[in-house]
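# Overview (structure and organization)
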Amino acid sequence: MKTLAIYLALALSASAANPVRAKQAMVVSRESNATDAGLAALKAGGNAVDAAVAVGMALAVTHPSAGNLGGGGFMLVRFADGRTTFIDFRERAPGKATRDMYLDASGKPTQDSVRGFRASGVPGTVRGLELAHKKYGHANWNSLVQPAVKLARDGFQVTYGLASTLKGNRGIAEFPESKRIFQRGGKYYEPGEIFRQPELAATLSRIAADGGRDFYEGETAQRIAKEMAAGGGLITLEDLKNYTAVERKPLEGTYKGYKIITAPPPSSGGVGILQMMGVLEKSGYEKSGAGSAAAIHFVAESMRRYYADRAEYLGDPDFVKVPVTRLLDPRYISKLRESIDPAHATPSSQVRAGDLTAYESAETTHYSIVDKDGNAVAVTYTLNGGYGSGVTLPGLGFLWNNEMDDFSAKPGAPNMFGAIGGEANAIQPGKHPLSSMTPTIVLKDGKPFLVVGTPGGTRILTSVMLTILNVLDFGMNVQDAVNAPRFHHQWQPDRLQVEPGISPDTRALLEQRGHKVEISRNICEMAVIQFEDGWLAGASDPRVEGKAAGY
Ligand code: DON
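Residues numbered from 1 in each chain as written. Predicted model: local features only at pLDDT ≥ 70, side-chain atom pairs only at ≥ 80, totals over all residues. Heavy atoms only, no water.

### Some thoughts on the overall build of the protein chain
Along the backbone of the protein chain there are 18 helices and 19 strands. Computed over the C-alpha atoms, the radius of gyration of the protein chain is 22 Å, within 12% of the 24 Å expected from 2.2 N^0.38 for a compact globule of 551 residues. Here the C-alpha coordinates of the protein chain stretch approximately 70 × 55 × 45 Å along the principal axes. Buried positions account for 62% of the 551 residues belonging to the protein chain. Accessible surface, the protein chain as shown: approximately 20000 Å² in total, 53% of it carbon and sulfur. Side chains of the protein chain give 60 positive and 57 negative charges; the mean places of these two sets differ by 1 Å. (Helix = DSSP H or I, 4+ residues; strand = E, 2+ residues; numbered from the N terminus. Rg over C-alpha atoms; globule rule 2.2 N^0.38 Å. Buried < 20%, exposed > 50% of the residue type's maximum accessible area, 1.4 Å probe, protein only. Areas by Shrake-Rupley, 256 points an atom, 1.4 Å probe, with all protein chains shown as cover. Lys, Arg positive; Asp, Glu negative; His and termini not counted. Charge placed at Lys NZ, Arg CZ, Asp CG, Glu CD.)

As structure tokens, this is what we get:
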């Protein structure tokens, strides 16, 4: 028996995929030049926040579908001394935004929230990275932006993945300035060619010299305001001047003794993973085994229930009261757990957002960084859709977000991720659209254990949770946890998306339980770091061309 156990353990470890291991520091991002920029900042004596600035700026050059100056995001930090913070640099609705601005004369949602000049919220990236750096960084700001300037000015090699998304994107093809820059006027970049972006290099040089002042008040701001007005956009100089990034307290919860530090509203992600993991914690779902139909079913049912609450209750906490405590009340969570039938899917038509009155008391990209002192940073930032709104303003060289689509244009009408929402997420000037971005840090015995995040729209929070569960409940190493096939349910539409790696017989068992199973390729792209026995293990997602590297 003992021999068999040893044999099995060996067989398991032999089949495990290897993460990248390093002793002191680690960066995992979606693109190799950006990872290198972060690592260089760390080696030069910068901390994880400094490295996060360097990676964020570099991705704005080398991963233009999501890396950005014209978008926004969230940064979660857990310092080695135990302090935590969450920097919300999500876009805000412009001053001229109105509740029904994306409805046509007959009251139907238009495509204006997705494509073109009117789709953008006021960007937060430059302000957010600057705020993080001013408060928590050590390195010189200019030195952190310079690698991005150089990558834009001197160029970098186009990868296979970048070449194909540049070719495939309809948005950039529609706007002459974007088409000129990103598709060379229609003569597409091929893998291996050098991509130079001189206008972006000039914008980045001004930001390197003058920081947020340039972007929100100075030359860049003036040019943005002028070109936005010329193109019919809403964003004014006043909007830029008024933009502030906000520091918030991260949400905290526990799962089987691990501490989960995660994203508060206006992210829907942290509340989501804490509610879903609460439902799972005492269910024993994991006994059926990783990837089993019974486990997938139970987890999917927890997802379905949260997304009903999400649609009803989640929005910008600066504008609406989000009942976080009640959504995470253990009694409410027990009721949710009890409502799950292990043998049958509950049709979404029978699931409604919970009545919480009884509980009164109570294309995006992610990168993860750990420095030599043990400070951990998780950043998810985005233009929303791949290449955002498709718009590049003349002379500035960077793409604009279409984050306004994350608001509910109309109660019950799905956005580009099929998510629906209501009053809590209606458009108002200055408001942040609801997000799914969920940078998360897990502690074990009070010490950092996992730094996790991903892009993927509404599938972000479920993929963050699945990756954590793969490590905590199924004992996978971090690379296996990232590689494992994923699945997703979001209440509406009532379907269970599964990656092709979920076997046909498992899918059949799920269908027998009443799930409408749909195959979906590449659910999310994780960037994860695990602390293990004095080592750091970095896992970039094999679904994309990322890079984990450390020293
Ligand atoms: O904040 C959000 O939830 C979305 N704007 C994220 C979009 C996204 O992840 C797209 N990437 N695949």
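### Points about the side chain of T203
Its location among the elements puts T203 in helix α9 (residues 198-216). At a separation of 2.8 Å, a polar atom in the side chain of T203 contacts the main-chain carbonyl oxygen of L396. Other than its neighbours up to four places away in sequence, T203 contacts L69, D214, T220, G395, L396 and F398. (Polar contact = N/O pair within 3.5 Å; in protein donor to acceptor, adjacent residues only side chain to side chain. Contact = heavy atoms within 4.5 Å.)

### Some thoughts on the site of the ligand
Surrounding the ligand, one finds 15 residues, the nearest of these being E363, T364, E403, D406 and S436. One of the side-chain nitrogen or oxygen atoms of R90 is found 3.0 Å away from an oxygen atom of the ligand. Here D406 contributes a side-chain N or O atom positioned 2.6 Å from a nitrogen atom of the ligand. Look at the ligand: alone it shows 340 Å² of surface, and the protein chains cover 93% of it. Two domains share the shell around the ligand, each providing at least three of its residues, namely domain 1 (43-67 + 96-247 + 374-425) and domain 2 (249-363 + 437-550). (Near = heavy atom within 4 Å. Domains from an automatic or database assignment.)

### Let's talk about the packing of helix α2 (residues 32-43) against helix α3 (residues 48-62)
Direction vectors running N to C along α2 and α3 enclose 155°, while the axes themselves pass 8 Å from each other. As the angle between them shows, α2 and α3 are arranged roughly antiparallel. Relative to α3, the crossing made by α2 is right-handed. Note on element contacts: α3 touches α2 through A48, A51, A54, V55, A58, L59 and T62, opposite N33, A34, A37, G38, A41 and L42. Of the residues in the contact of α2 with α3, the class split is ten nonpolar, three polar and no charged. (Axes fitted to C-alpha atoms, helices over the stretch in contact; angles between N-to-C directions. Parallel < 35°, antiparallel > 145°, perpendicular 65-115°, else oblique. Left-handed = near helix turned anticlockwise from the far one by under 90°. Nonpolar A, V, L, I, M, F, W, Y, C, P; charged D, E, K, R; others polar.)

### A short note on the side chain of E130
Tracing the backbone through its elements, the reader meets E130 in helix α4 (residues 125-136). Once you skip the residues sitting within four places of it in the chain, E130 turns out to touch W141, G211, G212 and R213.

### Focus: the domain arrangement of the protein chain
Each domain of the protein chain was delimited in the assignment, giving domain 1 (43-67 + 96-247 + 374-425) and domain 2 (249-363 + 437-550). Look at where the C-alpha atoms of domain 1 and domain 2 centre, and you get two points 28 Å apart. Taken together, the contacts link 25 residues of domain 1 with 25 residues of domain 2. Of the roughly 1800 Å² buried where domain 1 meets domain 2, counting both sides, 59% is carbon and sulfur surface. Broken down residue by residue, the surface that domain 1 buries against domain 2 is led by T380, F417 and A424, which jointly contribute 32%. Our count for the domain 1 to domain 2 interface comes out at zero salt bridges. At the surface where domain 1 touches domain 2, the tally comes to eight residue pairs in polar contact (both at pLDDT 80 or more). Contributions of two or more residues to the side of domain 1 that touches domain 2 are made by α6 (160-168) and β11 (376-382). (Buried area = accessible area lost by both parts, 1.4 Å probe. Salt bridge = Lys/Arg side-chain N within 4 Å of Asp/Glu carboxyl O.)

### Quick word on the sheet that holds strand β1 (residues 20-22)
One open sheet accounts for seven strands, arranged β1-β18-β17-β13-β12-β9-β8; its pairing is antiparallel. Of all strands in the sheet, those with a lone pairing partner are β1 and β8 (251-255), marking the two edges. Mean inter-strand twist for the sheet, computed between neighbouring axes without regard to direction, equals 25°. Running at roughly 20° to β8, helix α12 (residues 269-281) makes contact with β8, β9 (258-262) and β12 (440-444) of the sheet. Along the sheet, helix α16 (residues 460-472) makes contact with β8, β9, β12, β13 (447-452) and β17 (527-532), crossing β13 at roughly 135°. (Pairing = 2+ DSSP bridges.)

### Comments concerning the packing of aromatic side chains
The description of an aromatic ring pair uses the distance of the two centres, along with the angle that the planes make with each other. A complete count under the given rule lists 14 aromatic pairs for this structure. Ring geometry for F117 against F175: centres 6.2 Å apart, planes inclined by 75°, an arrangement best described as edge-to-face. Residue F117 is located in the loop between β4 (84-88) and α4, and its partner F175 is located in the loop between α7 (170-174) and α8 (176-182); the two are separated by 58 residues in the primary sequence. Residue classification places F175 among the buried positions, given a relative accessible area of 16%. Ring pairing ties together the aromatic residues F215, Y216, Y243, F398 and W400, which thus form one cluster. One residue, R92, lies across the ring of Y243, its end atom 5.6 Å from the ring centre. (Phe/Tyr/Trp six-rings, centres within 6.5 Å; stacked < 30°, edge-to-face > 60°. Lys NZ or Arg CZ within 6 Å of the ring centre and 35° of its normal.)

### Thoughts on α3
For α3, which comprises 15 residues, the first-to-last C-alpha distance of 20 Å matches the rise-based estimate of 21 Å (1.5 Å per residue) to within 8%. Most of α3 sits inside the fold, with 15 of its 15 residues counted as buried. For α3, the N-terminal capping position is held by N47, with its side-chain oxygen 3.1 Å away from the main-chain nitrogen of V49. (Expected span 1.5 Å × (residues − 1).)

### Here we look at the packing of helix α13 (residues 293-313) against α16
Axis separation between α13 and α16 bottoms out at 11 Å; the angle between their running directions is 145°. For α13 against α16, the interelement crossing comes out right-handed. For the pair formed by α13 and α16, the contact residues are V299, S302, M303, Y306 and Y307 on the first element and L461, T462, M465 and L466 on the second.

### Focus on α13
Given a rise of 1.5 Å per residue, 21 residues ought to cover 30 Å, and the 30 Å separating the end C-alpha atoms of α13 matches this to within 8%. Of all 21 residues that make up α13, 19 are buried, and the element is covered over most of its length.

### Observations regarding the sheet that holds strand β16 (residues 517-519)
Strand order across the open sheet formed by three strands is β14-β15-β16, with mixed pairing between neighbours. Edge positions in the open sheet fall to β14 (487-488) and β16, since each of these has one partner strand only. Across the face of the sheet, helix α18 (residues 504-512) comes into contact with β15 (496-498) and β16 while running at roughly 150° to β16.

### What about the nonpolar core?
Counting 86 residues, the largest nonpolar core has L450, M465 and F487 as its most contacted members. The element that contributes the greatest number of residues to this core is α13, accounting for twelve residues. Leaving out residues up to four positions away in the same chain, L450 has contacts with T440, I441, V442, I468, V471, L472, V478, V528, I529 and Q530. Grouped together as the second largest cluster of nonpolar side chains are 77 residues, V61, F89, A221 and Y387 included. (Core = buried A, V, L, I, M, F, W, Y, C linked by side-chain atoms within 4.5 Å.)

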